[in-house]
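# Topology and contacts: notes
Here is what each chain is made of, one letter per residue.
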Amino acid sequence: MARKKRNTTKRKRVPIHVGAPPGTLIPAPDAVEPTIHLIAYSPENAVEKEIDKPEQLRQYVGRWPVVWVNVEGLGNSDVISEIGKIFAIHHLALEDIINVHERAKLEQYGNNIFLVLQMTAVDERVETEQLSIFAGRGFVVTFQEGPIDVLNPARERIRKGQGRVRQGGADFLTYSIIDAVLDSYFPILEQYGEQLENLEDEIIEDPSRKTVAVIHQVKRDLLLLRRTAWPLRETINSLIRDEHPMFSDETRLHLRDCYDHSVRIMDFIETYRELAADLMDVYLSSLSNRMNEVMKVLTIITTLFVPPTLIAGIYGMNFHTQISPFNMPELTWYYGYPFALALMASVSLSVIAFLWYKGWLPALSRGRQSD
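Residues numbered from 1 in each chain as written. Predicted model: local features only at pLDDT ≥ 70, side-chain atom pairs only at ≥ 80, totals over all residues. Heavy atoms only, no water.

### A few points about the overall build of the protein
Scanning the protein from N- to C-terminus turns up nine helices and seven strands. Scaling as 2.2 N^0.38, a compact globule of 371 residues should have a C-alpha radius of gyration of about 21 Å, whereas the protein reaches 36 Å, well beyond that. Each of the three principal axes of the protein carries a C-alpha extent, and together these read 125 × 50 × 35 Å. For the protein, the residues scored as buried account for 44% of the 371 residues in total. Per element, the accessible surface of the protein, about 20,300 Å² overall, is 55% carbon and sulfur. Across the protein, the centroid of the 40 positively charged side chains sits 2 Å from that of the 48 negatively charged ones. (Helix = DSSP H or I, 4+ residues; strand = E, 2+ residues; numbered from the N terminus. Rg over C-alpha atoms; globule rule 2.2 N^0.38 Å. Buried < 20%, exposed > 50% of the residue type's maximum accessible area, 1.4 Å probe, protein only. Areas by Shrake-Rupley, 256 points an atom, 1.4 Å probe, with all protein chains shown as cover. Lys, Arg positive; Asp, Glu negative; His and termini not counted. Charge placed at Lys NZ, Arg CZ, Asp CG, Glu CD.)

### Brief notes about the nonpolar core
Counting residues in each nonpolar core, the largest one holds 60 residues, and the members touching the most others are Trp68, Ile178 and Leu225. Excluding anything up to four places from it in sequence, leucine 225 contacts Thr120, Val126, Tyr185, Ile188, Leu189, Tyr192 and Ile269. (Core = buried A, V, L, I, M, F, W, Y, C linked by side-chain atoms within 4.5 Å. Contact = heavy atoms within 4.5 Å.)

### A look at the side chain of serine 42
Its place among the elements puts serine 42 in the loop between strand E1 (35-41) and strand E2 (46-51). Setting aside anything within four residues of it in sequence, one finds serine 42 in contact with Trp64, Pro65 and Arg166.

### Section: the packing of aromatic side chains
How two aromatic rings sit relative to each other is given by the distance of their centres and the angle of their planes. With the rule as written, the count across this model stands at six aromatic pairs. Aromatic side chains phenylalanine 186 and phenylalanine 268 sit 6.4 Å apart centroid to centroid with 90° between the ring planes, which places their arrangement in the edge-to-face category. Linking phenylalanine 186 in helix H5 (residues 185-205) with phenylalanine 268 in helix H7 (residues 249-315), this pair joins segments that are 82 residues apart in sequence. Exposure remark for phenylalanine 268: the relative accessible area of 31% places this residue in the partly exposed category. Look at phenylalanine 268 and tyrosine 272: their rings are 6.1 Å apart centre to centre, the planes differ by 25°, and that puts the pair in the stacked class. (Phe/Tyr/Trp six-rings, centres within 6.5 Å; stacked < 30°, edge-to-face > 60°.)

### Remarks on a nonpolar patch on the surface
A contiguous nonpolar surface patch, about 670 Å² in accessible area, is contributed by Met291, Val294, Met295, Val297, Leu298, Ile301 and Phe305. Relative to the helices and strands, valine 294 resides in helix H7. (Patch = residues over 30% accessible without salt bridge, like charges linked within 9 Å, V, L, I, M, F, W, Y side chains within 5 Å. Salt bridge = Lys/Arg side-chain N within 4 Å of Asp/Glu carboxyl O.)

### A few points about the pairing of E2
Direction of pairing for E1 relative to E2: antiparallel, over a ladder of six bridges. Across the sheet, the residue bridging to isoleucine 36 is isoleucine 51, located in E2. (Pairing = 2+ DSSP bridges.)

### Things to note about the confidence of the model for the protein
Confidence along the protein averages 84 in pLDDT terms, with 91% of residues attaining 70 or more. Scored below 50 in pLDDT, residues 1-15 shows 37 contacts in the model against residues more than four places distant or in partner chains. A low-confidence stretch, residues 364-371 stays under pLDDT 50, and its non-local contacts, those more than four residues away or across chains, total six contacts. (pLDDT = per-residue confidence, 0-100.)

### Structural notes on unusual backbone geometry
Even without glycine at this site, alanine 88 takes up a positive phi of about 55°. Tracing the chain through its elements places alanine 88 in the loop between helix H1 (77-86) and helix H2 (91-98).

### Description of the sheet that holds E2
Strand order in this open sheet of seven strands is E2-E1-E3-E7-E6-E5-E4, and the pairing throughout is mixed. Two strands close off the open sheet at either side, each with one partner strand: E2 and strand E4 (105-109). Strand-to-strand twist across the sheet, computed as the mean angle between neighbouring axes with direction ignored, equals 20°. Where E4 lies against strand E5 (residues 112-122), five bridges are found, and the strand directions are antiparallel. Each residue of the ladder has a partner; that of leucine 106, found in E5, is leucine 115. Set on the sheet, helix H6 (residues 209-241) makes contact with E4, E5 and strand E6 (126-136); between it and E5 the angle comes to about 155°. (Axes fitted to C-alpha atoms, helices over the stretch in contact; angles between N-to-C directions.)

### Some points on the environment of glutamate 202
Along the chain, glutamate 202 turns up in helix H5. Looking at glutamate 202, the relative accessible area reads 33%, which means it is partly exposed. Once the C-alpha coordinates of glutamate 202 and isoleucine 265 are considered, the two residues, 63 residues apart in sequence, prove to be 26 Å apart. Not counting chain neighbours up to four residues away, the residues in contact with glutamate 202 comprise Pro207, Ser208 and Thr211. Polar side-chain contacts of glutamate 202 include one of 2.8 Å to the side chain of threonine 211. (Polar contact = N/O pair within 3.5 Å; in protein donor to acceptor, adjacent residues only side chain to side chain.)

Put into structure tokens, the structure is as follows:
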């Protein structure tokens, strides 16, 4: 059964409501109305449907080995509260679900666990949304902020009976959800890796201010990914390290694979951040090299024209030769003007020959080396 698509608005972060009692549920002003999606399954069968009212969930809880309830949209505190009563979700956990500003973390309430993860997606920039998971014996309840959804791989495995998810319990389903969240990072990081390679080629060939703006955006996006991935790694590590009654030893082995994925994600993020910083250095070096080439050409042009200008300035003084024999006798010569031009040309050619001999003319020097 396919999930219904809804029009949603872009989530905005809202501050914690100062002075409100603990456990107060105050949705964000722009939060959308929740929709409830149910998957109940056993090793042999699975049921999937949309739920209109939270009370309808009671007929599935306890009658199926595993019940997965996914709530998308946090705009109705009454619905969230009612679901919390059905699954005995602690009021402090409900407050963390509504206030979507939490970093990835793990909390234990009796035999149940409460997880907060961050899902990521890329449109024009990286966007993150909070995924809250409350899991216990026989049930998993997930709460999503809005349109970002990376859990379809887990749903498909349940629908098609692939892998071990139907044979496992709620602990294995929790692992599958965590694994889906982690797997969603890799295509994003691959996209940024390709973008950084293209930026490197662009910087070397034709650096521009637009390139700098893109590099800064990539650095900001990678920083956001780091902020979401770093606590996620620590959360998974605590799942493996600490004793949680609902997790079997077999599921902990699978969680180790999730931890390895989280370490790889952090390695990729750190590598790409360093590469983005290096690209900025390459850009500055490219600008400096281009400026040096421009200054070199301008210097050569100036050097070539200074001697003729000096000669023209000297002959432009026009001292009268009848006053003194030392006052520029060339002014009375028959070939004085061609002589001045030839003198300018010979001096300029001498300067060119000297620059070429020293190797300060790149084009001519390369031709000289090739010969």
